[in-house]
Structures are given as structure tokens and as C-alpha cells.
Amino acid sequence: MFSLFQWIRKLSGDRPEAPAPAAAGGMESAIEQWARMYRGGEAGSLGLPATIAAEFARLVTLEMRVNLSGSPRADFLSAQLRNFLSGIRVYAEYGCALGGVVFKPYACNDAHGKSISRIVVDAVQADCFIPTAFDTSNRMTGAIFIDQLERDGRLFTRLEKHEYAAGRHTVTNRAFAAPARGTAGSQNDFTPVSLSAVPEWAALEPEMTVNNVDRPLFAYFRVPFANPIDRRSPLGVSVFSRAAAQIADADAQYARLMWEFEGGELAVDAEEGFVLDGAYPGGLGRGGGPLPKNRARLFRGVCSSERDFYRVFSPALRDASLLNGFNAILRMIEWQCGLVYGTLSDPRLAERTAQEVKASRQRSYAAVLDIQYSLQYALDDLIYAMNALATLYGMAPEGEIDAAYEWDDSIIVDPESWVEGMRRDTEIGLLRPELYIAKKYGVTLAQAANMMGEEVKK
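The rules behind these values
- Residues numbered from 1 in each chain as written.
- Predicted model: local features only at pLDDT ≥ 70, side-chain atom pairs only at ≥ 80, totals over all residues.
- Heavy atoms only, no water.
- Helix = DSSP H or I, 4+ residues; strand = E, 2+ residues; numbered from the N terminus.
- Buried < 20%, exposed > 50% of the residue type's maximum accessible area, 1.4 Å probe, protein only.
- Polar contact = N/O pair within 3.5 Å; in protein donor to acceptor, adjacent residues only side chain to side chain.
- Contact = heavy atoms within 4.5 Å.
- Phe/Tyr/Trp six-rings, centres within 6.5 Å; stacked < 30°, edge-to-face > 60°.
- Axes fitted to C-alpha atoms, helices over the stretch in contact; angles between N-to-C directions.
- Parallel < 35°, antiparallel > 145°, perpendicular 65-115°, else oblique.
- Left-handed = near helix turned anticlockwise from the far one by under 90°.
- Nonpolar A, V, L, I, M, F, W, Y, C, P; charged D, E, K, R; others polar.
- Core = buried A, V, L, I, M, F, W, Y, C linked by side-chain atoms within 4.5 Å.
- Pairing = 2+ DSSP bridges.
- Expected span 1.5 Å × (residues − 1).

Student: Hey, could you run me through the side chain of Asn-173 in this one?
Tutor: As for its position among the elements, Asn-173 is in strand β7 (residues 168-179). For Asn-173, a relative accessible area of 7% translates into the label buried. Within the structure, the side chain of Asn-173 is placed 2.7 Å from the side chain of Arg-158, a separation counted as a polar contact. The contacts of Asn-173, once residues within four sequence positions are left out, are Arg-158, Leu-159, Glu-160, Leu-195, Leu-204, Glu-205 and Pro-206.

In C-alpha cells:
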């Protein structure tokens, strides 16, 4: 199979120059590693990378709202955006796992296929595109996206190249064909074919240019953490990238723990004749038949000169020390990833060090806030791109678009600290007591007033 860099050269007409440095410096192999870790599937794997990415995505998108207003155009875009936002947690998880994801809108026909009247958004994961250019603000301005289909024994590959510069966004489509997997021929033998060779691509233009735009017609959501793999790269890194070694340690320690339980399982070693065929009167296999299935795990036959030999195997387990080591590794992973203590490790152990937990919460809130800001930045770019497509195809009258974002404050702000601050403000007379009561107990102001004692009301 072609590598992604080879596909870039193919799209560029097999010119000998090296691919753009945007994905160089080890980032391509790093993204492939994060994808393997995220998939998991190995025997004994805890699946921690997927768990970590899912937890960050949950914290980032919890109670998230995007409201567009200001004109009929805003109402139209809001309706087009609704389906995409319904899956935003999944897309955020993919971005957190692989360091980033591209939101790429495109115009398509209505249900009857008669006119272009809808906008659909693709979420392209980091291992399915190659970035080729960034501007001085680290906004991605060029990329190549890959789409593949297998038909009639052939593997069709479409490369969609996007380039933005000086107010002009250009999209170039090229298609190639090679023998499909499991068929005769080399998959590296790609030959150019027409876009019409694949019905799904037949309506695409080989080249399209959109003028008078001030940014690319796609959006890149990146995890806003520092990139230690390539400090010059503007690409994002996985939320679990700094804990890769410790995640492997956790899998190994968990395997030791499981082996301890399996190796220390209760058993009875007895002379083979007792266990296998019940040959001796009064033996364990009385009746001459084999032991019941549920007993075969308990009784183990051994060769012994003693006809009535048996011994109970019940060693003391070292589970406490193994569990302590396991939780220590999990706490290190939580620290390196920016998760609250107790997210992965045993929360009962975290309760013993309340100050450390509080510090870890503040660190987690800061990480979530940064990711939310990055996601909002990408959604702003996505809405701009959708608006440009709506103008290009005349889908709705032009008008003002006001975007308002709502995030769950309890994720960003420590709720306990917030309520404690309200209590102090109430004590010094800066806040009405019923506001504090309503916040603390989750009741209305009227209910809070009824809950207050007469002296407090005065």
C-alpha cells in the first residue's frame, strides 16, 4: 500500500520534492501509534487510551450548546448544523485520541436529488488526512483528504486537496485505481482514473475555486497541548500521549494481578485414580464416571504412591500489594493526562489525600477549558465555511450570524469552591442568604426562603 506521503506525491504528479513539513518530524508515526493504542484489542489490554479520550470528550461536551441567531441565514445554518452537533462528543473523542480532527462541510442535493440545498459535515480523523500548510496563527490552510472504496476487484482512492491562500480556496480531486486486497496485482500500482469511474464521485468537479473568503473552507480542531514529539509542528497531540509508557505498565501490572488470582485459585490435588475414573471405593469420582464439569476445575489429578493422597492448594494471595502498585500507576497516568485523581484509580484511595485531589481537579478544569476553547475556535471556522457554501450555492438569503456557546460551568469551575465562596459572601453581607441556599441545595429562591429560619430571614 502507498503511504500517505506517497499519495501526496501521486496527487502532485509524481514530482520528486518531499512532502510538506506539516506532518514531518515523527508526527505521522506518532498518529499511527495513538490510533493503535486507541483501538486496543490486545489480550489483557485495559483499553485505557479509549477510556481517557472518552472521559475528556465527555467533560468537554457535557451540556454543550451552540445557538445561531440574527437572520434567516442563521436559522438555516442552525438546522444544517443540528445533525453534526448530535455527534459532537464522538468527534471530540476521536480528536482527543489522535490529537485532532478536521470538520469538512460540503454541499449536497436534497432528498429528491434535484437541487443543492443541504450542507453535510464530515469529521475526518487525524490518520485520514495529511496537513500541508498552516498560516502564522497556526490555522491549517492546506490538507489532503483520502477516500477509498472497493468495487469489482479494484481499490479506488480519491485524493481531495484543499489549498487556501490570499482570499482564494481551491479544491482539487484526483482518483486512482489499484487491485483490491486479496486480488492479483500490486496495491502499489495506482493508475489515474476518471472521477466518473465511481458513481459516488461522478458529480464532483476535478477542480473548484471559491473566491473572496478570508479563511479555509474547513475547520481543524486540535488538542491544545504542547507537542514534545515535534516542537515546530502545529499539529495537536493525543490526550494520552505523555502517558504511553505508563499505560503499558498498567496493562502489565493488571496482567500480574489476574495471574495472581488465577495462579492462587483454590484446588485439591488428589491421586489420579480418585479424580479421573473413581476406581477406588469411596473415591472422589464415585460411580465410575468422570467428575461433574464444575468439579473438574477444583480437583487436579497427580501421580502419587499413596492411594488415598490428596492435598488442598490454597496459597495466600498478594492481591493487596499488587493492587497498590496498580493504583499507583493509574494515579501517575491521571497526573500525566490531566485527569482528576479517582477517574481511573480507586477513588477510595484518592479520598485520603483531599488536597491532592483538589489540585488535580483544578488541573483537570484547566485542561478541559483549553480544549473547549479550541473546539469553539474550530466550530467558528466550521460555521464560517458553511456560510460560504450557503452563499456559493444560494441556499438561503444572506444575513448576520451570531454564534453563542454554552458550556457546563461545573466542569470548568470547582462547584465546591464556588459554593464556599458564596457562603463567605453571604457571611459578610455581599450576597442575599436565599441565593446561597438555592445554589447549595439546588432549589428555587422561593423554596430557599421557606427553608431559612426566621432569624436568618430578618
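Student: I tried to follow the packing of aromatic side chains on my own but got confused; where do I start?
Tutor: Counted by the stated rule, this structure contains 9 aromatic pairs. Look at Phe-84 and Phe-103: their rings are 5.0 Å apart centre to centre, the planes differ by 75°, and that puts the pair in the edge-to-face class. Here Phe-84, found in helix α4 (residues 72-86), pairs with Phe-103, found in strand β2 (residues 100-109); they are 19 residues apart in sequence, far enough to count as distant. Measuring from centroid to centroid gives 5.9 Å for Tyr-254 and Phe-326, while their planes differ by 40°, and the two rings are tilted.

Student: Any chance you could explain the packing of helix α3 (residues 48-61) against helix α5 (residues 88-98) here in plain terms?
Tutor: In helix packing, the relevant descriptors are the interaxial angle and the interaxial distance, both defined with respect to the helix axes. Running from N to C, α3 and α5 point in directions that differ by 130°, and their axes come no closer than 8 Å. On the basis of the axis angle, α3 is oblique to α5. Read as a crossing pair, α3 and α5 show a hand that is right-handed. For the pair formed by α3 and α5, the contact residues are Ala-50, Ala-53, Ala-54, Phe-56, Ala-57, Arg-58 and Thr-61 on the first element and Ile-88, Arg-89, Ala-92, Glu-93, Cys-96 and Ala-97 on the second. Looking at the contact of α3 with α5 residue by residue, the classes come out as 9 nonpolar, 1 polar and 3 charged.

Student: It is not clear to me how the nonpolar core should be interpreted in this structure. Could you clarify?
Tutor: Soluble globular proteins tend to bury their nonpolar side chains together. Ranked by size, the top nonpolar core spans 72 residues in total, and within it Ile-52, Phe-56, Phe-103, Phe-240 and Ile-333 carry the most contacts. Top element by residues in this core is helix α11 (residues 354-392). It accounts for 11 residues. The contact partners of Ile-52, leaving out residues within four places of it in the chain, are Val-239, Phe-240, Ile-247, Ile-333, Cys-337, Leu-339 and Leu-344. If you look at the next biggest cluster of nonpolar residues, it comprises 7 residues, including Met-422, Ile-437, Ala-448 and Met-452.

Student: What is the right way to look at the sheet that holds β2 in this model?
Tutor: The pairing of strands in a sheet comes from backbone hydrogen bonds and takes either a parallel or an antiparallel form. What the 3 strands build is an open sheet, ordered β3-β2-β10; its pairing is antiparallel. Edge strands, defined here as strands with exactly one partner in the open sheet, are β3 (116-125) and β10 (219-222). Neighbour-to-neighbour, the strand axes of this sheet turn through a mean angle of 25°, independent of strand direction. Examined bridge by bridge, β2 and β10 share 4 bridges and lie antiparallel to one another. Note that in β10 the partner of Phe-103 across the bridge is Ala-219. Where α4 meets the sheet, it contacts β2 and β3, and its direction lies at approximately 40° from that of β3.

Student: Help me out: how do you make sense of helix α14 (residues 433-441) in this one?
Tutor: Working note: α-helix, 3.6 residues per turn, so residues spaced by three or four point in the same direction. Taken together, the buried positions of α14 are occupied by Glu-434, Tyr-436, Ile-437 and Ala-438. Count one or two residues on from α14 and you reach Gly-442, which has phi positive near 65°.

Student: Any chance you could explain α4 here in plain terms?
Tutor: With 15 residues, α4 should cover 21 Å at 1.5 Å per step; its first-to-last C-alpha distance of 22 Å lies within 8% of that length. Listed in full, the buried residues belonging to α4 are Arg-73, Ala-74, Phe-76, Leu-77, Gln-80, Leu-81 and Phe-84.

Student: How do you make sense of the environment of Arg-215 when you look at a structure like this?
Tutor: Tracing the backbone shows Arg-215 in the loop between β9 (207-211) and β10. Separated by 47 residues in sequence, Arg-215 and Arg-168 place their C-alpha atoms 8.4 Å apart. The residues touching Arg-215, leaving out its near neighbours within four places in the chain, are Arg-139, Tyr-164, Asp-380, Asp-381 and Tyr-384. A polar atom in the side chain of Arg-215 sits 3.0 Å from the side chain of Asp-381.

Student: Any chance you could explain the packing of α3 against helix α9 (residues 319-337) here in plain terms?
Tutor: At a minimum axis distance of 12 Å, the contact between α3 and α9 shows a crossing angle of 45°. Relative to α9, the element α3 is oriented oblique. In the crossing of α3 with α9, the sense of the turn from one axis to the other is right-handed. Between α3 and α9, the residues in contact are Leu-48, Ile-52 and Phe-56 and Leu-330, Ile-333 and Cys-337, respectively. In terms of residue class, the contact of α3 with α9 is built from 6 nonpolar, no polar and no charged.

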